[in-house]
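# Per-entry structural report
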Amino acid sequence: MNVVTARVEEETYKNLKYLMRVEQVDQAELVRRLLDKAVAEEKMKLALTKLREHKINIRKAAELAGVSYVEMFDKASQEDVDSGYSLDDLISFQKACVD
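Presented here is an overview of the structure given in this document.

Calculation criteria
Residues numbered from 1 in each chain as written. Predicted model: local features only at pLDDT ≥ 70, side-chain atom pairs only at ≥ 80, totals over all residues. Heavy atoms only, no water. Core = buried A, V, L, I, M, F, W, Y, C linked by side-chain atoms within 4.5 Å. Buried < 20%, exposed > 50% of the residue type's maximum accessible area, 1.4 Å probe, protein only. Contact = heavy atoms within 4.5 Å. Phe/Tyr/Trp six-rings, centres within 6.5 Å; stacked < 30°, edge-to-face > 60°. Lys NZ or Arg CZ within 6 Å of the ring centre and 35° of its normal. Axes fitted to C-alpha atoms, helices over the stretch in contact; angles between N-to-C directions. Helix = DSSP H or I, 4+ residues; strand = E, 2+ residues; numbered from the N terminus. Parallel < 35°, antiparallel > 145°, perpendicular 65-115°, else oblique. Nonpolar A, V, L, I, M, F, W, Y, C, P; charged D, E, K, R; others polar. Expected span 1.5 Å × (residues − 1). Salt bridge = Lys/Arg side-chain N within 4 Å of Asp/Glu carboxyl O.

### Re the nonpolar core
Within the largest apolar cluster, 13 residues are counted, with the highest numbers of intra-cluster contacts made by Leu-48, Leu-51, Ala-61 and Met-72. Excluding residues within four positions of it along the chain, Leu-51 makes contact with Ile-56, Asn-57, Ile-58, Ala-61, Met-72, Ala-76, Val-81, Asp-82 and Ser-83.

### Remarks on the packing of aromatic side chains
Tallied over the full model, the rule gives 0 aromatic pairs. Taking NZ or CZ as reference, Arg-59 lies 4.3 Å from the ring centre of Tyr-69, over its face.

### Focus: the packing of helix α1 (residues 10-23) against helix α2 (residues 27-52)
At a minimum axis separation of 10 Å, α1 and α2 run at an interaxial angle of 105°. Compared by their axis directions, α1 and α2 come out roughly perpendicular. Of α2, the residues touching α1 (which contributes Tyr-13, Leu-16, Lys-17, Leu-19, Met-20 and Glu-23) are Gln-27, Leu-30, Val-31, Arg-33 and Leu-34. A breakdown of the residues in the contact of α1 with α2 according to their chemical character gives 7 nonpolar, 1 polar and 3 charged.

### A short note on α1
With 14 residues, α1 extends 20 Å between its outermost C-alpha atoms, agreeing within 8% with the 20 Å of an ideal straight helix rising 1.5 Å per residue. Positive backbone phi, approximately 55°, marks Gln-24, located one or two places after α1.

### Notes on the pattern of salt bridges
In total, this model carries 5 salt bridges according to the counting rule given. Linking Glu-53 and Lys-55 is a salt bridge whose minimum nitrogen-to-oxygen distance equals 3.3 Å. Under the relative-accessibility criterion, Glu-53 is labelled partly exposed at 44%. Taking relative accessible area as the criterion, Lys-55 reaches 59% and is therefore assigned exposed.

The analysis is restricted to geometry; functional conclusions fall outside its scope.
Pasting the structure below:
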């Protein structure tokens, strides 16, 4: 494991202390969880931006975000990002693969 050190505002530190107490975890565990979540969110945001700009396809976006193709398609749909495929296209493709 690598070590990361960061200075935070007093309010952020108070919020961390509160969460540590409520969730009954130590500071390192809480910061790791929060950082993992933030990194995953940023990767998804970047993938959706590149997908929206048609710089990458949905498979590459899924790879970049670290999620499955289906999860990426679902997220793109929720965010109203044109993935280049319609639901009908995917259903037709699925049927063709099964046959």
